[in-house]
Each structure stands twice: as C-alpha cells, then as structure tokens.
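Residues per chain, in single letters:
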Amino acid sequence: MLVQGGPWVLSVMSLLLLLWQEVSAIKVPLDQKIQQDLKQPPTIMKQSLKDYIVDPRDNIIIECEAKGNPVPRFSWRRNGKFFNVGKDPRVTMRKRSGTLEISFRSGGRPEDYEGEYQCFASNDFGTALTNKILLRVSKSPLWPKEVLEPVVVGEGSSLVLACNPPPGLPPPHTFWMNSAMMSITQDSRVSMGLNGDLYFSNVLAKDSHTDYSCNARFLFTHTIQQKNPFTLKVQTSRKVAETPPNFLSPTGTDSSRMMVLRGQKLQLECIAAGVPTPSIKWFKKGGDLNQKVKLDNFNKTLRIDSVSEEDAGEYMCMANNQIGSIRHSIYVQVKASPYWLDKPFNLVLAPDENSRLVCRANGNPKPLIQWLVNGEPMESDSSLPNLSRSVVGDTIIFRSVQIGSSAVYQCNASNHHGYLLANAFVSILDMAPRMLGAKNQLIKVIENNRTFLDCPFFGSPLPELRWFKNGQGSGLDGGQYRVYINGSLEIKRARVEDQGTYTCVARNILGKEENQVRLEVKEPTRIVRAPEHQSAIRGTMARFDCRVKSDLTLPITVTWLKDDKPLSLGWRLKKDEDSLSIPDVNEQDEGTYTCTVKSEIDQDTASARLTVLEDASLYPSQSSALPADYPDPPMDLEVSDPEARSIRLTWIPGDDHNSPVTQFLVQFEEDRWEPGQWQNLSSYPGDLNSVILQLSPFVNYQFRVIAINSVGKSRPSRPSQRYQTSGASPDAIPSGLKGWGTKNTNMEISWEPLLDTEQNGPNLHYSVWWRRKDTGEEWNNVTTVGAKHIVHDTETYVPYEIKLQARNDFGPGPESNIIIGYSGEDKPTAPPTDLHVSKIDSTNVNVHWTPVDPNTVLGEFKEYRLYYWREGSMVKGLHVNKEKKTKGFYSTVAQPTGILTDLQPYSHYRMFMVVANSRYDGPPSNHAEFHTKEGVPDLPQFFKIVQRSPDSIHLEWDKPLEPNGILIGYTLNYQAVNGSRVGHMQMESFLPNVTAYRLRLPDQAIRYRFYLAALTEVGAGKVYTEESPHFTNEGNGSVSSVPVNQPPIKLAGLIEGAKYRLRVYSNEYHSISSNVVTFETSAAYIKDQVDIATQGWFIGLMCAIALIILILLIVCFIKRSRGGKYPVRDKKDLPLEGVDQKGEDGSFDYHCSLKSSDEDNKPLQGSQNSLDGGVKESDDSLVDYGEGGDGQFNEDGSFIGQYTVKKDKDETEGNESSEATSPVNAIYSLA
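In this text, all values refer to a predicted model and were calculated from it rather than measured experimentally.

Here we look at the overall build of the protein chain
Scanning the protein chain from terminus to terminus reveals 9 helices and 88 strands. Looking at the 1231 residues of the protein chain, the share that counts as buried comes to 40%. Contacts in the protein chain between residues at least 24 apart in sequence constitute 65% of all its contacts with a sequence separation of at least 6. Surface accessibility of the protein chain: about 68600 Å² in total, with carbon and sulfur atoms responsible for 51%.

Focus on the sheet that holds strand S54 (residues 579-582)
Remark on secondary structure: sheet strands pair via backbone hydrogen bonds, oriented parallel or antiparallel. Read across the sheet, 3 strands follow the order S49-S54-S53 without closing on themselves; strand pairing throughout is antiparallel. Edge positions in the sheet fall to strand S49 (542-545) and strand S53 (574-575), since each has one partner strand and no second. Summarising the sheet, S53 and S54 pair through 2 bridges and their orientation is antiparallel. Pairing of Lys574 across the sheet is with Ser581, part of S54.

Some thoughts on the sheet that holds strand S39 (residues 441-446)
Spatially, S39-S46-S45-S42 is the arrangement adopted by the 4 strands of the open sheet, whose pairing is mixed. Each of the sheet's edge strands pairs with one partner strand only, and the pair in question is S39 and strand S42 (464-469). Pairs of neighbouring strands in the sheet enclose a mean axial angle of 25 degrees, with direction left out of account. Across 6 bridges, the pairing between S39 and strand S46 (residues 511-522) is parallel. For Leu442, the partnering residue across the bridge sits in S46 and is Arg518.

So, the pairing of strand S69 (residues 799-808)
Taken residue by residue, a regular strand's side chains alternate between the two faces of the sheet. For S69, a buried count of 8 out of 10 residues is recorded, marking the element as mostly surrounded by other parts of the structure. Relative to strand S71 (residues 819-822), S69 runs antiparallel, the two being bridged by 4 bridges. Each residue of the ladder has a partner; that of Pro799, found in S71, is Tyr822. What sits between S69 and strand S70 (residues 811-815) in their antiparallel hairpin is a turn of 2 residues.

Re the state of the cysteines
The full count for this structure, using the stated rule, is 6 disulfides. In this model, Cys359 is linked to Cys411 through a disulfide, with the two sulfur atoms separated by 1.7 Å. Handedness of the Cys359-Cys411 disulfide follows from its S-S torsion of about -65 degrees: it is left-handed. Highlighted residues: Cys359 in the loop between strand S30 (355-358) and strand S31 (360-364) and Cys411 in strand S36 (residues 407-415), separated in sequence by 52 residues. In this structure, Cys359 and Cys411 share a single accessibility class: buried. Each sulfur in the disulfide pair Cys455 and Cys504 lies 1.9 Å from the other.

Observations regarding the confidence of the model for the protein chain
Note: predicted coordinates in regions of low pLDDT should not be interpreted at a detailed level. For the protein chain, per-residue confidence averages 82 on the pLDDT scale, and 84% of positions sit at 70 or higher. Counting contacts from residues 1031-1036, a segment whose pLDDT is below 50, to residues more than four positions away or on other chains yields 14 contacts. Here residues 1124-1231 is a poorly scored stretch, pLDDT under 50, and it has 97 contacts once near neighbours within four places are set aside; other chains count.

Observations concerning unusual backbone geometry
For residues that are not glycine, phi is negative in most cases, and the peptide bond is trans in most cases. With an omega of 0 degrees, the peptide bond between Asn364 and Pro365 qualifies as cis. Within the secondary structure, Pro365 sits in the loop between S31 and strand S32 (368-373). Of note, the bond from Ser460 into Pro461 is cis; its omega dihedral lies within 30 degrees of zero at 0 degrees. Tracing the sequence through the fold places Pro461 in the loop between strand S41 (457-460) and S42. In this structure, Asn440 takes a positive phi of about 50 degrees despite not being glycine.

Topic: the packing of aromatic side chains
By the definition in use, this model includes 33 aromatic pairs. Residues Phe861 and Tyr890 carry aromatic rings whose centres are separated by 5.2 Å and whose planes lie at 45 degrees to one another, so their mutual orientation is tilted. Separated by 29 residues along the polypeptide, Phe861 in the loop between strand S73 (845-850) and strand S74 (863-873) and Tyr890 in the loop between strand S75 (885-889) and strand S76 (897-900) bring together distant segments of the chain. Here the basic side chain of Arg257 rests over the ring of Tyr331, its NZ or CZ set 4.8 Å away from the ring centre. Between the NZ or CZ atom of Arg672 and the centre of the ring of Phe698, over which it lies, the distance is 3.9 Å.

Observations regarding the side chain of His908
Within the element layout of this structure, His908 appears in strand S77 (residues 907-916). In contact with His908, not counting residues within four places along its chain, are Trp869, Arg870, Glu871, Gly872, Glu929, Phe930 and His931.

Considerations on the environment of Gly313
Inspection of the secondary structure assignment puts Gly313 in strand S27 (residues 313-320). Classification of Gly313 as partly exposed rests on a relative accessible area of 25%. Among residues more than four places away in sequence, those in contact with Gly313 are Lys284, Ile330, Tyr331 and Val332.

Remarks on the pattern of salt bridges
Throughout the structure, instances matching the rule amount to 49 salt bridges. Between Asp589 and Arg572 there is a salt bridge, and its shortest N-O distance comes to 2.8 Å. Residue Asp589 is located in the loop between S54 and strand S55 (591-598), and its partner Arg572 is located in the loop between strand S52 (565-566) and S53; the two are separated by 17 residues in the primary sequence. In this structure Asp589 comes out as buried when scored by relative accessible area, which is 6%. Its relative accessible area of 18% is what places Arg572 among the buried residues.

Section: the environment of Lys933
If you trace the backbone, Lys933 turns up in the loop between strand S78 (928-931) and strand S79 (943-949). In this structure Lys933 comes out as exposed when scored by relative accessible area, which is 52%. The spatial distance from the C-alpha of Lys933 to the C-alpha of Gln904 is 9.1 Å, given a sequence separation of 29 residues. Beyond its immediate stretch of four places on either side in the chain, Lys933 contacts Ile840, Asp841, Ser842, Pro905 and Tyr906.

Considerations on the side chain of Asn415
Relative to the elements of secondary structure, Asn415 occurs in strand S36. A distance of 2.9 Å separates a polar side-chain atom of Asn415 from the backbone nitrogen of His417. For Asn415, the residues in contact, after removing those within four places along its chain, are Ala336, Ser337, Pro338, Gly363, Asn364, Pro365 and Pro367.

Description of the nonpolar core
Core analysis: the biggest nonpolar cluster contains 34 residues, and Ile62 and Trp76 have the highest contact counts within it. Of all the elements in the fold, those that place two or more residues in this core are strand S2 (51-54), strand S3 (60-62), strand S4 (64-69), strand S5 (73-78), strand S8 (100-102), strand S9 (115-123) and strand S11 (133-137).

Details of the environment of Ile733
Within the secondary structure layout, Ile733 lies in the loop between strand S63 (723-724) and strand S64 (738-740). Residue Ile733 is classed as partly exposed on the basis of its relative accessible area, which comes to 38%. Placed 72 residues apart in sequence, Ile733 and Gln805 show a C-alpha to C-alpha distance of 6.6 Å. Non-local contacts of Ile733, meaning those with residues more than four positions away in its chain, are made with Leu754, Pro814, Glu815 and Ser816.

Basis of the calculations
Residues numbered from 1 in each chain as written. Predicted model: local features only at pLDDT ≥ 70, side-chain atom pairs only at ≥ 80, totals over all residues. Heavy atoms only, no water. Helix = DSSP H or I, 4+ residues; strand = E, 2+ residues; numbered from the N terminus. Buried < 20%, exposed > 50% of the residue type's maximum accessible area, 1.4 Å probe, protein only. Contact = heavy atoms within 4.5 Å. Areas by Shrake-Rupley, 256 points an atom, 1.4 Å probe, with all protein chains shown as cover. Pairing = 2+ DSSP bridges. Axes fitted to C-alpha atoms, helices over the stretch in contact; angles between N-to-C directions. Disulfide = S-S within 2.5 Å. pLDDT = per-residue confidence, 0-100. Phe/Tyr/Trp six-rings, centres within 6.5 Å; stacked < 30°, edge-to-face > 60°. Lys NZ or Arg CZ within 6 Å of the ring centre and 35° of its normal. Salt bridge = Lys/Arg side-chain N within 4 Å of Asp/Glu carboxyl O. Polar contact = N/O pair within 3.5 Å; in protein donor to acceptor, adjacent residues only side chain to side chain. Core = buried A, V, L, I, M, F, W, Y, C linked by side-chain atoms within 4.5 Å.

In structure tokens, the structure reads:
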C-alpha cells in the first residue's frame, strides 16, 4: 500500500528506491549465549502440503512447526474462521508445537474434518503463517454394478472397450487384465488410452475372449477394484477389407486445444483405427521435437515430464497405412502458477538502519503481489501512514527503523493457477558489544611469517572495532597492520619488535567490550647442516649430519626416519646431538635417511640417501661406467608460508641414478570437483627444491612432485598434506555471453559457465542484466545458477544491452563488458517484387528484383534466397529432375542483381525469391520463367572398344544423358600410339542415329587412341577418350574402361572363369600408365573340371559298351532258348555245378541256362542235394516239360531244347506275343 499523498508520494518513493543505499542485514553469529538472548519473531520450520490428502484409516496429522524467541504460540483457522482446538475432544495440539492430531479411536468420520486449514505462529515480535492447507480424505468408491452385454463386431472393425473407473481421490491407476490375472497384451494395434479405455485399431479373430476386465488401483488404500468383464465376439469373414486411418482418440474435429501448467507433465494422445494397423508419427510446427519429448505406448502418446514455456505450440500427429493418412493438430498452451524470482528473506537490523524486502515472482498470467504484516493486510490508503516503511510495487522500503517495529511480513503472489506465500521477519535488535572468542590468548609465531590475531565480536548496532598495542597509542591500521571487518588483525610480517600485548576494543552506542591477545615472536627452527647423499663401501662407517638452530625458548625434538619409517637405533646405530652414525654398513642399511626437527610451532626436515657399494666400486673406470636410470621420486614434501593465493612447497630430491635431474614437475589434486585426478600445476629447474606455488581460492589442494632426467620421469612422490585456500569472490568473467531469440517473443541469454577452479567459493551463481538498447530504461536483472536465462514477452528482433557477473558467497566478481543481443525473429512479412531475368545464355542468367523494406524482415537480414528448379528440357522425350535448388544473394543496394550459374542448357526453368532472416523465409515473390540457350552435349553414356578379330576393332557408344540441345551427330578422332609417340590424327563423322563403328587395322600390333564427342549446333561436347588394346600384350578379348575418381573401385559384370589384364592410365595423358596386372575370375564350378559328357572319346566308349552288352544279351537269349548241347550219357550222372560250364563242343551246360534265367535262379524242381553231397535223381521226367509229353533227342543223344521254347512261349503268351514274332524264335530259326 502507498501512504497518503497520491501520485506525488508515488514519485517520491520511486526516486528513493532508485537512489537507495541499503545497509546489509546483520548476520547473527551462532554463539550459544547470543542465540539464547536473541529475541526474534517466529519462523515457520515445517508445514503440511498445500493439497493434503489423508488416508481415512489413519489419524489425521496436520503439521505446523515454528521457532522464535520467545517460544511461539499457535492458533488455527479452518475455512477462514478461528478453529477452537480445545472444544473438539478428537483434536489435540502437540506441546511446544502447532501440529494438530485428529484421532478417531472413539468414533467420528474423517470426512467431517475436510476443509482449508491455516496455522498462525505468534510471539511478542510478530506472527508467521503457513500456507493454506486443503485437507481432503482419500476416497476409493466401488465400481457401479452393471450388466455388460456381449460386444459383437466384425473382423477388421475398430473397437473401444470403455473403462470409466469410479472417481477416486486421488484418481486411480487403471489397467486391463484377463481372468487368469494376466495383463492384456498391448501393441501397436491394441493399447490402453490415457482415459483407461482399451482401443482396438482393428479387431482380429484371435481377440475373441470373454474376460476383458478393467482394474482400478487406489494408491492410498492399496486396493484394486475390478469391473465386470467384457465378452468380445468377433464375426470372421473370408477377406477383411482394407480401410484408411481414422482417429479413435481424439475424436471430433481435426484439431484440439490443451492447456498445461509449467512444470507439470504433458501427455498428448493419438490412437487411430484402420486396416492395416496405422503407424503414428509426431511433429511440431516450426521445429523438431526436442530431447525432452518421449514417445510412449507404441508412439501413440507424446510425453514431456516437465513442461516449460518453450514447449508451447502446435503438435501434429499423423496416422498412415497403405491406404491413406490422416492428421490431427493439438495446440498446446503453457500457463504457469507463480514461481519465485526473488524470495524475501529475514532481516535483522539495528536501530536507525535502512533496508528493504523484495518479493518478485513470475507466472502466466503475471501474478498479483500482496503484502501482509503479521497475517493481516497492510494498512490501506485511508489509515495513518507508517513513515518508517513504504511499499513500492514488489518492494517494502524501511527507513530509520526503531525498537518495537519488529514484525513478520508475508508476501502473497497469486494468479488463476495458484499462489505462493513467503514469511520474512524484520527484527530490530539492540545489543551491547560482546566478545565471542577466548580471553587473554597467547599466540606464538615464527619470525617473518604472516600472523593473524583474532577478535570475534558482535553487537547491534554493529560495533566499531579498534586495536591497540601495549595499551598505548592510536589504533593499529595501515602499514604492516590490517584490520578485517570480522575483527582480525593481520601482521603481514612478524618481527621481534612486534612482540607485546594487543588489545581489541569493540564499541557501539550501548557500550563497549575489549579483549587482549599476547604475541611472542620466535626464531624459526632450521637445519643449518643437512645430511648429504653419500656412498659407502660395505663394512665401513657412514655418517649423516643434522645440525639444528632454533629459538632457545622453544624445546625441540630430533627424530630420524629410514625410508619414511621410524628408525630403530638399536646397539649398532649411534645418534648424537648433531649427527647419525652407521658403523659396519651392509646392504640392509641402504636407503633414504630423513632428519626431522620439531618445535611446538614449526618444524624442518632434510633427507639424504645412502648407497652401499662393493669394493670394486672404488675404481673410477667402473664407477663412471654405471648406467643411468630413472630418478627416484622426491621425498618429504612440506608446505609452508601460506598466503591467500600462494604457498611454499619444499621437498628432498631422490637419487638421480647417474643422470642429473633437469626438471621438477609439480602436480596437484583437489577433492571437491575432480577428486583423485592429478593435474599439472607448474614445472621448475632441477636445481630447486623449494618453490612458491600460485594457487586458486577455495581449493583443497594436495601436491606431489615428479623428477625428470635424461632417461625420463620418476614415479610421483608421496602426496603432501592438504592445504585449503581461503575463498574469494570470482576473478573471472564468464565467456561466450550472447543473446539470441529462440522464438519471436523471447531472448535467450547464454554464456559459458566458469571452470571449477575459477569459482573461488561456494554457491556460485550468475547475475544477468539486460535492457532495451538506446531507450534509457532501467536494467532488468535476475540471479541464476544455470548458464542461460530466457527473457519472455519481448518484441520481435529488438536489440538489448546485456552484461553478466559471477557471484559466490564471498561476493561478486567483475562485470562483463556490455554486449548487444537480439530478441527472437519472426517470419518476414513482405516478398521481393518484380523478379525477372536478363542476359540468358546456356548455363548462366542474370537475376533482378526489387528489395523489401528492411523493417519487414523482422530479424537479422541473411540473404535474398532464390528457389529455382528445372521444369523440363526442350529436347523431346527427355525426363528431368525437378528438384528445387537454392542460391543466396546478399545485397542491400537499391537495385540488386545476381548471377545464377551452373544451369542446364536447353532447359525450361522456373523460380521465385524470398527474403530470409536467420530463422525464417518470407513470403514468395512472383514466379519467373526462362529458357536457357542450347549448349554443347555431355559425355556419351558409354564408349566401348570391343576387339572382334585381329584385323579390326569394333567401337560402340550411346547418346549422352544430357544432349543440351538438338543432337546432330558424333565426331570420332583417332591416332596410332606407340609409347610417347603419336601418329597423325584421323577423323570420322557420324549421324546422330549411328552408335557403332568398325575400324580396319593395317597392323594388329598397332595401338590406337580414340576421342569421341557428341555434336550440337553450338559445337562438340565433352570428349570421351579410350585406348585400344595391344595384341601382343593384351590378347584378342574385349576392352572396357571405367572412369576412376578415387580408389578403390569395384569391377562388375566380369565373366566367370575368364582371364583379364588390368592397367590404370591417365585419361588426359595415355602414355602415363601403370604396369599390367593379370587376374582370372573364379568359375561357377571347379576350374579344372571338364564336362566329359561332351567329349568324343567318352561318347565312343559308351557306344562300344552298349554294343557289347547288347551282343551278350542276344547270345544269352539264344542259348537259353536252345538249351545247349551236351552228351547225356556221359553227363547225366554228374552233379550240377554252381557255375557255368562249357563243353568241348562249345555247348553250354543246362544248369548254366537256368542260372542265367532272369525268372528262376534256383536248381531244377525235384532236384535236391543229398546229405553226402551227391545229387538225387529227380522223380520228374523231362518229358513233362515237353509239349505233349513227346520228348525229342538228337542223334548224338542230346536233348532238343523245346522246354525252353515252350517256357518262353508261355511267358510271351502273357504278353500276347506269338512264337512267330518272338525274337528268340527268330534267332533260333536262323541257328
């Protein structure tokens, strides 16, 4: 509220705010005594959530904890009215707390206590408030009983099974299961929507089930309720018709709108029906989907977990399948409930001090700021003015505050979407000076070291502190003395004359307090004669010196270490006041010995290495021949002489191993940002072992040293003790500061964050200032921990002045230089006009246009962008690529012009022009058309040289892909080539329809080079060059060439199992050629295999074999039909043999003919072997086998083979063949 006086008072207050020089609030120390005596208004420490949902099965606890001195009193309001806790037996308030506990052990309904609660914590100095806590009881209502009829759909149809869960608090989580308690399988065709419904893009026969059940899980009560199951019956059909996509969700029009709050989760859904199942794709108008966007549910759901203003815009989902596609646009609007920019904080002020409370918040719409004091609205204009405070916008200004004006102020920032409430007390404190440190301290320091004498104090108003020495003279400040605001006295270099008693006196209007510190300056403890590296022959005595000089008033102790471990002296080793003796040295004595001398305030160390040698090492020749090796690591690192940004590091070099150390490398490790990571700090010459290291503030260092000689680096030394440098404000200015709009209504200010070692202190943040350039307006500023800040609601492409400053808990760093940034660009509003061309030739054209007004570019002018494409060729039947190309012209003259190059001759072109800024193209200009003139042709598509015979070469080619005009023919130039010598050029001309030529060769040993070019009226085009093969080198095969831009290449179209010769040559200088390489492609089958089926000898052999088989078969048939001839009298008693036997007369045994029969390969019927191996005569008569039983014999007694004939006859009768036509009988008759 404003004090009375109207606009005049407002102007005065604004002027005061601009000229304000506020006093920093008092920081109260954490001293226990001061905290006990400090009177402070209440501060809310703990409270329940604004939206507080409780479980009805538990007691209700509404938290309200606060601190203050005196202890706060607590009261509550319910639904804006005083809530009397004592009158309700179920409600109790905890002791020394405002937390309410509502118990239902004795009955009662939790729903009766729903409402809005607010806690008030009060003491004598003010009242603090909690947020308004909306208490609601969790609800998990039952699913309404319903009878679900079976759902009958045709195969391929879409379907939505509605879930409609009962409304719960909070809303339940829904999911679908079957009767076996298994989740319904979901995929791109079947899935659950955000509303819990189950969507089928198309139904299949396998979807027929009786147990589709929707389940609702209520989080607070941990219960799951199940809806009656759906029965789905699918009517199948022989063929399912394909259908284009249509949206099941969202429904209705082709666009929808959605509002979401900043920081909340955004979920957009598109589910489509169709056969086949459509796929879903998402787009954002004006840009790509950023990394925050996640796609869920098989791309049907777009999710952004935490929405910001940049996520607003038009999102499009597209569903498509083989039949068609459909789109839906969702316009997302991002609003914001209030969020803090500058939250007010507590102030502790001394009487008569000035200060202010600032409360700045942002939101969409912009929140309204309201101030309260002790829970009540600040006085209205009609009330008496409060001269010690005034409200100007979002700031309360306090002037000359007085005791008794302590209060708690509340800032309430609210809009349609929510509110923020912050408490900040202003405590007016008066307290006489108090000393917080120990009394009468004794400080001992080393001469020439920097020294601090501490005198912590507190008082309100802030006391003035002064130092005195020995109770005399004026205050100490200046010269080698410096007094810090915290009361410490720095003596930059302590000397003996600085010894004495120092008194610090703190004084304010309420009194004074003093303390004393006694300072003694001591001589440093130093080793004046240090041990030296030495080599000792085994069996001799070694001695290390360690002579010490120290302050006589300080007791010292001298200890020895061997290899960094305490040295056990024993009976052999002897230590006196200034040395260590090692008699009768042996190999176990070799190592590094360290002398350490300590006093109560300092110490010094020195080390040396003992090397034990054999007797032979006495010879110089051998000693000089010792090989060089890596040096040993330095030892005994010590830090001393600490300064704000430097420290002294001292070490003892290790053994150099016969190669002098040339360099020491100092490395550091810090444990805050990159623990365990050693980094190079600096390097120093090899003759130094004590250096001053330059350090960064607020880094916890430890160091190590590496020695380097001609062989290489040593192992790192053991780390030093850690040293924490004090913090400081940042030294560096963040680099890369720039401002540029990402939208037409904002400007993004970004920079490179400081490195870890540049932060110089905790809680690094950045202060950013910006204002409109050349308007004289005040700077806007914001503090952020990130590396960017977005300024919203800017005008389009407006210049801003921007500056930046890094800050930490120790204060601000230097400000950056002012840079100029620009807010976001928008689409240009005007097109170039009067686009036309001139000076058209075959490949170039001059372009002219009228420029736009610079104010219509609405951004940084980038270029005039010409879009052009080849509409067609004037060569009939030639198809062209109509791809659009662009070319930019940067011109700011009044009559701009440009040259468009690399056009295709003899073509029809169209074009238009836009003006472009850094983000957008403007509207197009008028379209212009032109035709390029005829040009020379491109290369022929191919040019092959095929060797047909030894006396001629056959050439083939094809017309160019781009004739660039009317093709009128070809020219072929050729000449003989012999190494670097070439013959007379000869020429042949051809009509455009001729694409082959045969050249007669006068000598097959001559090689020719050919030059082929196509012709138009303009002239000859590009020349295709080929060279013929040389017969003596390259055989009589065909010759092909392949243009090569860069190796390697792949040769295709080769013949399997063929030999090739390959060489690489220059297209311009054919005499420049590689060696010839011969290779052979693999065959489709094994290379050495010959197809014998086509060989003459194989055919003849097969014919001979077939003839022999035929003859054998004929002979066999003849013999079988005749039965053979043999003397019956001589052989009837002989046993039948198992092999064929031939008689002397050339006849075959009868058994042979039977054995050779294809039909019966057994002994004669009735003939069987006897036990003794003989043959039993058959009871059957051979006459039985004869025709009519009338057997016939020749004169010599041989049996005429009618049996065979008869049998053959019987067999042939089955095939309806007569004896007269039987080939066997025919042959027999000839016999």
